[in-house]
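# Fold and geometry: a report
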Protein chains: 2
Amino acid sequence: MTIVLGIDPGSRVTGYGVIASEGSKLIYIDSGCIRTQAAETLSEKLDIIYRGVNEVIHLHTPQEVGVEQVFMARNADSALKLGQARGAAIVACTFNKLPVYEYSARQVKQSVVGTGAADKIQVQAMICRLLGLEKAPQADAADALGVAVCHTHMIQGMIRMAGARKLRRGRLRR
Amino acid sequence: MTIVLGIDPGSRVTGYGVIASEGSKLIYIDSGCIRTQAAETLSEKLDIIYRGVNEVIHLHTPQEVGVEQVFMARNADSALKLGQARGAAIVACTFNKLPVYEYSARQVKQSVVGTGAADKIQVQAMICRLLGLEKAPQADAADALGVAVCHTHMIQGMIRMAGARKLRRGRLRR
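Residues numbered from 1 in each chain as written. Chains lettered and ligands numbered in written order. Predicted model: local features only at pLDDT ≥ 70, side-chain atom pairs only at ≥ 80, totals over all residues. Heavy atoms only, no water.

Residues and elements named next belong to chain B. Following both chains from N to C, one finds helix H1 (residues 42–60) and helix H2 (residues 76–95) inclined at 35°, their axes separated by 8 Å at the closest point. H1 and H2 meet at a crossing whose hand is right-handed. Within the contact between the two elements, H1 uses Leu42, Leu46, Ile49, Tyr50, Val53, Asn54 and Ile57 and H2 uses Gln84, Ala85, Ala88, Ala89, Val91, Ala92, Cys93 and Phe95. In terms of residue class, the contact of H1 with H2 is built from 13 nonpolar, two polar and no charged. (Axes fitted to C-alpha atoms, helices over the stretch in contact; angles between N-to-C directions. Helix = DSSP H or I, 4+ residues; strand = E, 2+ residues; numbered from the N terminus. Left-handed = near helix turned anticlockwise from the far one by under 90°. Contact = heavy atoms within 4.5 Å. Nonpolar A, V, L, I, M, F, W, Y, C, P; charged D, E, K, R; others polar.)

Right, let's get into the nonpolar core. The biggest cluster of nonpolar side chains holds 49 residues, and the ones touching the most others in it are Val53 of chain A together with Val53 of chain B. Ignoring sequence-local partners within four residues, the contact set of Val53 of chain B consists of Ile7, Ile34, Ala89, Ala92 and Cys93 of chain B. (Core = buried A, V, L, I, M, F, W, Y, C linked by side-chain atoms within 4.5 Å. Buried < 20%, exposed > 50% of the residue type's maximum accessible area, 1.4 Å probe, protein only.)

Right, let's get into the pattern of salt bridges. Pairing is possible between side chains of opposite charge, provided their charged atoms come close. All names here are of chain B. Tallying each qualifying case throughout the model produces eight salt bridges over all chains. Here Lys81 makes a salt bridge to Asp77, at a shortest N to O gap of 3.5 Å. Residue Lys81 and its partner Asp77 are located together in helix H2, separated by four residues, close to a single helical turn. The class of Lys81 is partly exposed, set by a relative accessible area of 42%. A salt bridge links Lys120 to Asp143, with the nearest nitrogen and oxygen atoms 2.7 Å apart. Pair noted here: Lys120 is in helix H4 (residues 120–131) and Asp143 is in helix H5 (residues 139–173), with a separation of 23 residues, a long-range link. Classification of Asp143 as buried rests on a relative accessible area of 14%. (Salt bridge = Lys/Arg side-chain N within 4 Å of Asp/Glu carboxyl O.)

Moving on, we get to the sheet that holds strand S2 (residues 13–22) of chain A. Residues and elements named next belong to chain A. The sheet built from five strands is open, its strands ordered S3-S2-S1-S4-S5 with mixed pairing. Where the open sheet ends on each side, the last strands, each with one partner, are strand S3 (25–35) and strand S5 (100–103). Across the sheet, the axes of successive neighbouring strands diverge by a mean angle of 20°, strand direction being ignored. Running over the sheet, helix H1 (residues 42–60) touches strand S1 (2–8), S2 and S3 and is turned about 155° from S3. (Pairing = 2+ DSSP bridges.)

Moving on to the pairing of strand S1 (residues 2–8) of chain B. Residue and element names in this part refer to chain B. Buried residues dominate S1, accounting for six of its seven residues. Bridge count for S1 against strand S2 (residues 13–22) is seven bridges, and the pairing is antiparallel. For Gly6, the partnering residue across the bridge sits in S2 and is Gly17. In the sheet, S1 pairs with strand S4 (residues 64–68) via four bridges, with the strands oriented parallel.

Time to look at the interface of chain B and chain A. Listed per partner, the contact involves 25 residues of chain B and 25 residues of chain A. Counting the surface lost from both chain B and chain A, the interface buries some 2100 Å², and carbon and sulfur atoms represent 69% of this. Of all residues in chain B, Leu80, Val91 and Phe95 of chain B bury the most surface against chain A, accounting for 23% of the area lost on that side. Counting every contact that joins chain B to chain A gives zero salt bridges. (Buried area = accessible area lost by both parts, 1.4 Å probe.)

Placing chain B over chain A gives an RMSD of 0.0 Å and needs a rotation angle of 180°, together with 0.0 Å of translation along the axis. What we have between these two chains is a two-fold relation. When the interface residues of chain B are mapped onto chain A, 100% of them again fall at the interface, so both copies present the same face. (Least-squares fit on C-alpha atoms with pLDDT ≥ 70 in both.)

The next point concerns the sheet that holds strand S5 (residues 100–103) of chain B. Residue and element names in this part refer to chain B. A sheet is described by the order of its strands in space; here five strands give the open sequence S3-S2-S1-S4-S5, paired in mixed fashion. Either end of the sheet is taken by a strand with one partner, and the two such strands are strand S3 (25–35) and S5. The mean angle between the axes of side-by-side strands here comes to 20°, regardless of whether they run parallel or antiparallel.

All names here are of chain B. Over its 20 residues, H2 runs 28 Å from end to end, which matches the ideal 28 Å to within 8%, given 1.5 Å per residue. Burial analysis of H2 places 15 of its 20 residues in the buried class, which makes it a mostly covered element. Where H2 begins, one side-chain oxygen reaches toward the backbone nitrogen of Asp77, 3.0 Å away; that side chain belongs to Asn75. Downstream of H2 by a residue or two, Lys97 has a phi angle that is positive, lying close to 60°. (Expected span 1.5 Å × (residues − 1). Polar contact = N/O pair within 3.5 Å; in protein donor to acceptor, adjacent residues only side chain to side chain.)

In short, the description is geometric, and any link to function would need to be established separately.
Next comes the structure, spelled out in structure tokens:
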């Protein structure tokens, strides 16, 4: 069983989602939001994100982490804020010796819904169906679960590919 | 004696400077650069910054930290990269329970040279004079020392102000 943590970092809300996979089966474990509104200073905000991610890691002991990649930020100011939140979240993972993989929003949509042009509602609905959830989680938590699903699909794909390569190699040897 | 760590974060080079103050006397302790060029992935880069800052903290046990504030980044892409580096550096400090203060480049110049419009060469020359250095440190390390000097001046100013307030209060009570 592989446990994967997905993170959707943000300066105000950082979503997280934890899923497990056994073969092709996906199992929902946990999801939620780390909120920084109560913090007065930047360093307090980043500390809340760092400690929040650290806590989720200690609670669920994931083996790998997926983080949403940023291609285009709206402007330099919001990019700086988002960058700081991402930095805090990512080092919480590397400090716990977890490998971190980045996925673009397009890759996540492609992996979860089957098309990179899917909208938020479609992604949330598919997340619910794939993980057997009755109610869609909060938007940032759902995005984080999407990244976790995307990374899990990616691992499964790699395992399948490795299997196929072994098979082909086997055939060639005959 | 108060030991202050100054940090000038950057995605490729993060400068650090450690100084001590005893009364109005400033003592140079250490300065240098944390370089991330060898890293292949973003998470490795941020991990190098986090561990580098953490190491400096453990080596010199500063009580307070000053970080250069960013007002205007060149563009969204460089702002995101800078933000990630800042996030990694700042949480290394908060994880060690150190208070982090932010200073703008203008505040640093004002504090070190006496005018917010000073250029890099003037700042470096003043850093050398204030800390009794024969040779100017590498540019990012010098900037970090500048932030440390600025924060130390700020503390000293606050102590003087608190002293003045005590004096005034004493006078009023008479």
